[in-house]
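Chain by chain, the residues run as shown.
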Amino acid sequence: MVTGAEDRFVMAMERCTRENPALTATRRLLIRGRVRRDGRVRISGAKNSAVALLPACLLVDGECVLQNVPAIADVLVQREILSAVGAEVIADDGEVRVRAAGRLQTEVPYTLAKRLRGSVLLLGALAARHGHARVPLPGGCAIGSRPLDLHLKGLRELGARVEIEHGYIQAEAGRLLGTEIYLDFPSVGATENVMMAATAARGITVIYNAAKEPEVVDLANFLNAMGGKVVGAGTDTIKIEGGHPLRPVEYSIIPDRIEAGTYLLAGLAGGGSVTVENVIPTHLEALLAKLEEAGVELADAGDAITARLAGRPRPLQVKTLPYPGFPTDLQPQLTAFLLRAEGTSVVSERIFEDRFGHVGELKRLGARVETDGRTAIIEGVESLTGAPVTATDLRMGAALMVAGAAARGETVIDGVEHIERGYERFDEKLRQLGVAVEWLE
Ligand code: UD1
């Protein structure tokens, strides 16, 4: 068992809080909505790419350098996990150097793993590197049961012995052999775990019904830059030729499409024009199509998108789906945006079983929303009014920022530590959007 990991994490969190004053769990965020009418914000590197590429650095004996890494709590935890298993990790202004030399520990400490879902990706990385991994059942947002059967099935089909005992997943992967794996659902995490493990398998692995998310493609590009052979990422069939020697590389992470979507929605909800810079517009197709349907005028210029809305949005019918469908990670924020629509919207959640926790909090602002199982019916209201609210998961926190921007008066958000998991300098970025924010001690 790795000792002292929790102490090191607390110290790292304190250091990070000093360096980045927005990072603190003890303050509340006050948003004064509908103040200025236009803004511009630069989007950071993708959380879900960073959380996958950090463990992928462990596949190589040497030093990898990741650029455009966001300064968010989930990345900090993932970095601490890499340190806890024996890698040297140095972070400086968006750049993270991971030096994983020699023999690493193959057990991930519970105190860190329980803090984020992405810790389960250590399973594929450590199994590939050392043929053994012991990883606690992970934590993450409380949005319904999140089984791991597909991760386990994938590793077992590659030849690993995988057991769950005393809250840990234990994988013995002495000899991995390439094979064909069909995923019953295109799970992002299972696709990534199998891709990493398959780099060490003899022969070819084919993943059918693989996840097509841009972050999966980013991982494939990173593995290929290292000398791996991954073909087909971004389609539903990914082929990995295992056994190629991997070498250290420098690699820049893609922009965060969910962060970009959140600020587009917050800026529009605040009632003006908004420009998000450093984005890949094709990664946002599903959202942009829905915004156009809602009456938003869009212009894209290379890596920037400008959106403008005169008056209230038109109502929408939206279903979340695996990429390229509408992302579940933008569902709470879109729901918040539609609270002021001119008519009734219907939002169906098809990925997670319990992802309408934000609805109760949105009602405090005067929203008229009812849920029926995995569907929310939103009757648009003329105006929302600020109120105290509490976030209990990451994207709920993001939805409260959007709703706060749309409401008249002051909204005070508690539970800000959930927002810190995925949004870098969000206070500053909201201000750049024209939303007035203040910290309350
Ligand atoms: C990733 C993202 C998360 C996003 C989600 C869906 C990271 C770190 N997180 O999470 O932000 O909300 O994709 O886009 O990248 N499932 C199973 N069995 C499994 C695995 C998943 O049934 O073994 C189900 C889940 O319960 C869920 C669905 O598949 O209903 C999607 O989950 P998955 O794509 O695996 O999400 P994550 O990788 O956990």
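In this text, all values refer to a predicted model and were calculated from it rather than measured experimentally. (Residues numbered from 1 in each chain as written. Predicted model: local features only at pLDDT ≥ 70, side-chain atom pairs only at ≥ 80, totals over all residues. Heavy atoms only, no water.)

Peer 1: Before we move on, can you summarise the overall build of the protein with the specific residues and values?
Peer 2: On a plain count of helices and strands, the protein comes out with 15 helices and 23 strands. Sequence-distant contacts, at least 24 apart, represent 73% of the contacts inside the protein between residues at least 6 apart. A total of about 16,700 Å² of accessible surface is found on the protein, and carbon and sulfur atoms cover 46% of it. Of note, the protein has its 50 positive side-chain charges centred 1 Å away from the centre of its 57 negative side-chain charges. (Helix = DSSP H or I, 4+ residues; strand = E, 2+ residues; numbered from the N terminus. Contact = heavy atoms within 4.5 Å. Areas by Shrake-Rupley, 256 points an atom, 1.4 Å probe, with all protein chains shown as cover. Lys, Arg positive; Asp, Glu negative; His and termini not counted. Charge placed at Lys NZ, Arg CZ, Asp CG, Glu CD.)

Peer 1: Any details on the site of the ligand? Residues and values, ideally.
Peer 2: The local shell around the ligand holds 18 residues, among which Asp149, Leu150, Ser187, Asp329 and Ile351 are the closest. Here an oxygen atom of the ligand and a side-chain polar atom of arginine 117 are 3.1 Å apart. Contact distances for the ligand include 2.6 Å between an oxygen atom and a side-chain N or O atom of aspartate 329. Protein burial of the ligand: of its 730 Å² of free accessible surface, 87% is covered by the chains. Those elements that place two or more of their residues in the shell around the ligand are helix H6 (149–157) and helix H7 (188–198). Element by element, the count of residues in the shell around the ligand is highest for H6, at three residues. Grouping the constituent residues of the shell around the ligand by class yields seven nonpolar, six polar and five charged. (Near = heavy atom within 4 Å. Polar contact = N/O pair within 3.5 Å; in protein donor to acceptor, adjacent residues only side chain to side chain. Nonpolar A, V, L, I, M, F, W, Y, C, P; charged D, E, K, R; others polar.)

Peer 1: Report on the sheet that holds strand E16 (residues 304–308), specifying residues and quantitative values.
Peer 2: Strands sit in the order E2-E14-E16-E15 across an open sheet of four strands; the sheet is mixed. A strand with exactly one partner marks an edge of an open sheet, and here the two such strands are strand E2 (38–42) and strand E15 (297–301). Averaged over all neighbouring strand pairs, the angle between strand axes comes to 15°, with direction disregarded. (Pairing = 2+ DSSP bridges. Axes fitted to C-alpha atoms, helices over the stretch in contact; angles between N-to-C directions.)

Peer 1: Break down the nonpolar core for me, citing the residues and quoting the values.
Peer 2: Counting residues in each nonpolar core, the largest one holds 77 residues, and the members touching the most others are Leu58, Leu66, Met195 and Phe222. Not counting residues up to four positions away in its chain, the partners in contact with phenylalanine 222 are Leu53, Ala56, Cys57, Cys64, Leu66, Val249 and Tyr251. Listed in part, the 70 residues of the second largest apolar core include Ile305, Phe326, Phe337 and Leu384. (Core = buried A, V, L, I, M, F, W, Y, C linked by side-chain atoms within 4.5 Å. Buried < 20%, exposed > 50% of the residue type's maximum accessible area, 1.4 Å probe, protein only.)

Peer 1: Let's hear about the packing of helix H9 (residues 257–269) against helix H13 (residues 394–406): which residues, and what values?
Peer 2: For the pair H9 and H13, interaxial distance at closest approach is 7 Å and the crossing angle is 25°. As judged from the angle between their axes, H9 and H13 are roughly parallel. The handedness of the crossing between H9 and H13 comes out as right-handed. Two secondary-structure elements touch here, H9 through Ile258, Thr262, Leu265, Ala266 and Ala269 and H13 through Arg395, Ala398, Met401, Val402, Ala405 and Ala406. Taken together, the residues of the contact of H9 with H13 sort by class into nine nonpolar, one polar and one charged. (Parallel < 35°, antiparallel > 145°, perpendicular 65-115°, else oblique. Left-handed = near helix turned anticlockwise from the far one by under 90°.)

Peer 1: Tell me about the state of the cysteines, residues and numbers included.
Peer 2: Counted by the stated rule, this structure contains zero disulfides. Considering cysteine sulfurs only, cysteine 57 is the nearest to cysteine 64, which forms no disulfide, with 4.5 Å between them. Note on cysteine 64: relative accessible area 0%, which makes it buried. (Disulfide = S-S within 2.5 Å.)

Peer 1: Describe the packing of aromatic side chains, naming the residues involved and giving the relevant values.
Peer 2: As enumerated under the stated definition, the model contains three aromatic pairs in all. Measuring from ring centre to ring centre gives 6.2 Å for tyrosine 263 and tyrosine 423, while their planes differ by 80°; the resulting arrangement is edge-to-face. With tyrosine 263 in helix H9 and tyrosine 423 in the loop between helix H14 (416–420) and helix H15 (426–432), the pair connects residues that are 160 residues apart, well separated along the chain. For the pair formed by tyrosine 263 and tyrosine 423, the shared burial category is buried. It is arginine 27 that lies over the ring of tryptophan 439; its NZ or CZ is 4.4 Å from the centre. (Phe/Tyr/Trp six-rings, centres within 6.5 Å; stacked < 30°, edge-to-face > 60°. Lys NZ or Arg CZ within 6 Å of the ring centre and 35° of its normal.)

Peer 1: Can you explain the domain arrangement of the protein? Please cite residues and give values.
Peer 2: Examined at the domain level, the protein breaks down into domain 1 (17–44 + 255–440) and domain 2 (47–252). Look at where the C-alpha atoms of domain 1 and domain 2 centre, and you get two points 30 Å apart. Residue-level contacts link 24 residues of domain 1 with 23 residues of domain 2. Of the roughly 2,000 Å² buried between domain 1 and domain 2, counting both surfaces, carbon and sulfur atoms make up 55%. Viewed at the interface, domain 2 and domain 1 are joined by two salt bridges. Measuring nitrogen to oxygen at the nearest pair gives 2.8 Å for the salt bridge that ties aspartate 74 to arginine 421. Summed over the shared surface of domain 1 and domain 2, the result is six residue pairs in polar contact (both at pLDDT 80 or more). In the side of domain 1 that touches domain 2, the residues fall into eight nonpolar, five polar and eleven charged. (Domains from an automatic or database assignment. Buried area = accessible area lost by both parts, 1.4 Å probe. Salt bridge = Lys/Arg side-chain N within 4 Å of Asp/Glu carboxyl O.)

Peer 1: An account of the pairing of strand E14 (residues 273–277) is requested, with residue identities and associated values reported.
Peer 2: E14 sits mainly inside the fold: four of its five residues count as buried. With five bridges joining them, E2 and E14 adopt parallel strand pairing. Bridge pairing in E14 links arginine 40 to threonine 275. Pairing of E14 with E16, which is carried by five bridges, proceeds in the antiparallel orientation. Counterpart to valine 276 in the pairing with E16 is isoleucine 305.

Peer 1: Give a detailed account of unusual backbone geometry, specifying residues and quantitative values.
Peer 2: Of note, the bond from tyrosine 323 into proline 324 is cis; its omega dihedral lies within 30 degrees of zero at 10°. Note on placement: proline 324 falls in the loop between strand E17 (317–319) and helix H11 (331–337).

Peer 1: With reference to specific residues and values, describe the pairing of strand E18 (residues 344–348).
Peer 2: As defined by bridge partners, E17 adjoins E18 across three bridges and the pair is classed as parallel. Residue pairing for E18: lysine 319 is matched across the bridge by serine 348. As a crossover connection, the stretch from E17 through H11 into E18 is right-handed. When E18 meets strand E20 (residues 375–379), the two strands line up antiparallel, connected through five bridges. Its bridge partner being in E20, valine 347 is matched across the sheet by alanine 376. (Right-handed = clockwise from strand over helix to strand, strands pointing away.)

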